[in-house]
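# Residue-level structure breakdown
Single-letter residue listing:
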Amino acid sequence: MTDTSQLTITRVLPATPEEVFDAYTDAEKQKIWFSILDERPGIVEIEVDLRVGGVQTAVWGPDEDNLFRERQTFLVVERPNRLVSEATGSSPDGATLTTRVEVTFTEQADGQTLVTVVQTGFPTEETRDFFTTEVWQGAFDRIEAFLLT
């Protein structure tokens, strides 16, 4: 039986674990990659307090009427290898979701980084699948584009 409340997804990114970890956690770098593949600039506001118990807040979207919001509380910060947080997000329609996210950054022999995301707490299979195929793939695509610039 498959656990519909959890996803595991991986991607190899073209940089060292330190570079990928920093791209993933640094507010100024996130502000770039959040919108790097967008045709039109939108709104991206991010603040990060990268420490255990610290919080990251992110607000983004195409305009003021269509904003996504996320608040992550960091539970584990082991730069550049591992990051664990509890994340609560909301979409423009007011729907909210709280999940636990564990991200590991593993150096590969060729100098690239294997990023593994384990996210738990999905209420439905459809929500989990949306995060697997859209949310994380989009984030990985954007981070990769940022790392290649």
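Note that this is a predicted model, so its numbers are computed, not measured. Within each chain, residues carry numbers counting from 1 in the order of the written sequence. Residue-level local features of this predicted model are given only where pLDDT is at least 70; pairs of side-chain atoms are given and counted only at 80 or more, and the full residue set underlies all totals for whole chains, interfaces and linings. Note: side-chain values were computed over all heavy atoms of the structure, leaving out hydrogens and water.

## Comments concerning the pattern of salt bridges
The condition is simple: A pair is scored as a salt bridge if a Lys or Arg side-chain nitrogen falls within 4 Å of a carboxyl oxygen belonging to Asp or Glu. For helices the rule is a DSSP run of H or I covering at least 4 residues; for strands it is a run of E covering at least 2, with both sets numbered from the N terminus onward. Summary of the burial criterion: residues with accessible area below 20% of their type's maximum are buried, those above 50% are exposed, and those between are partly exposed, where the area comes from a 1.4 Å probe applied to protein chains only.
In this structure the tally under the stated criterion is 10 salt bridges. Residues arginine 142 and aspartate 38 are paired through a salt bridge, measuring 3.0 Å at the closest nitrogen-oxygen approach. In this pair, arginine 142 is assigned in helix H3 (residues 125–148) and aspartate 38 in the loop between helix H2 (27–33) and strand S2 (43–48), connecting sequence segments 104 residues apart. Looking at aspartate 38, the relative accessible area reads 34%, which means it is partly exposed. Salt bridges sharing common partners tie together Arg11, Asp141 and Glu144.

## Side note on the environment of threonine 25
For the record, the criterion: What makes two residues a contact is simply this: any of their non-hydrogen atoms within 4.5 Å. What qualifies as a polar contact is a pair of N or O atoms within 3.5 Å, subject to a donor-acceptor requirement within protein and to the restriction that residues adjacent in sequence count only when both atoms come from side chains.
Checked against the element boundaries, threonine 25 lands in helix H1 (residues 17–25). In this structure threonine 25 comes out as buried when scored by relative accessible area, which is 5%. With sequence-adjacent residues up to four places away left out, threonine 25 is seen in contact with Gln30, Val48, Leu50, Gln56 and Leu83. Side-chain polar atoms of threonine 25 contact the backbone oxygen of phenylalanine 21, separated by 2.8 Å.

## Notes on the packing of aromatic side chains
Formally: Working definition: a ring pair exists when centres of Phe, Tyr or Trp rings (six-membered ring for Trp) sit within 6.5 Å. Plane angles under 30 degrees give stacked, over 60 give edge-to-face, the rest tilted.
Under the counting rule described, the total for this entry stands at 8 aromatic pairs. Taken together, a centroid distance of 5.8 Å and an interplanar angle of 20° make the contact between tryptophan 60 and phenylalanine 68 stacked. Exposure remark for phenylalanine 68: the relative accessible area of 33% places this residue in the partly exposed category. These aromatic residues form a ring-pair network of at least three members: Trp33, Phe34, Trp60 and Phe68.

## Here's the deal with the environment of asparagine 66
In this fold, asparagine 66 is placed in the loop between strand S3 (55–61) and strand S4 (68–78). Sequence-wise, asparagine 66 and glutamine 112 are 46 residues apart; in three dimensions their C-alpha atoms are separated by 35 Å. Filtering out sequence-adjacent residues up to four positions away, asparagine 66 remains in contact with Trp60, Gly61 and Pro92. Within the local environment of asparagine 66, its side chain forms a polar contact with the side chain of aspartate 63, the two groups lying 2.9 Å apart.

## Details of the nonpolar core
Stated formally: Only buried Ala, Val, Leu, Ile, Met, Phe, Trp, Tyr and Cys residues count toward a nonpolar core, and they belong to the same one when joined by side-chain atoms within 4.5 Å.
Counting 30 residues, the largest nonpolar core has Tyr24, Phe105, Val115, Val117, Trp136 and Leu147 as the members making the most contacts within it. If you list the elements that add at least two residues to this core, you get strand S1 (6–13), H1, H2, strand S5 (82–90), strand S6 (96–107), strand S7 (113–120) and H3. If you tally residues by element for this core, the top one is H3, at 7 residues. When sequence neighbours within four positions are dropped, the list of residues in contact with phenylalanine 105 reads Pro17, Val20, Phe21, Tyr24, Pro80, Asn81, Arg82, Leu83, Thr113, Leu114 and Val115.

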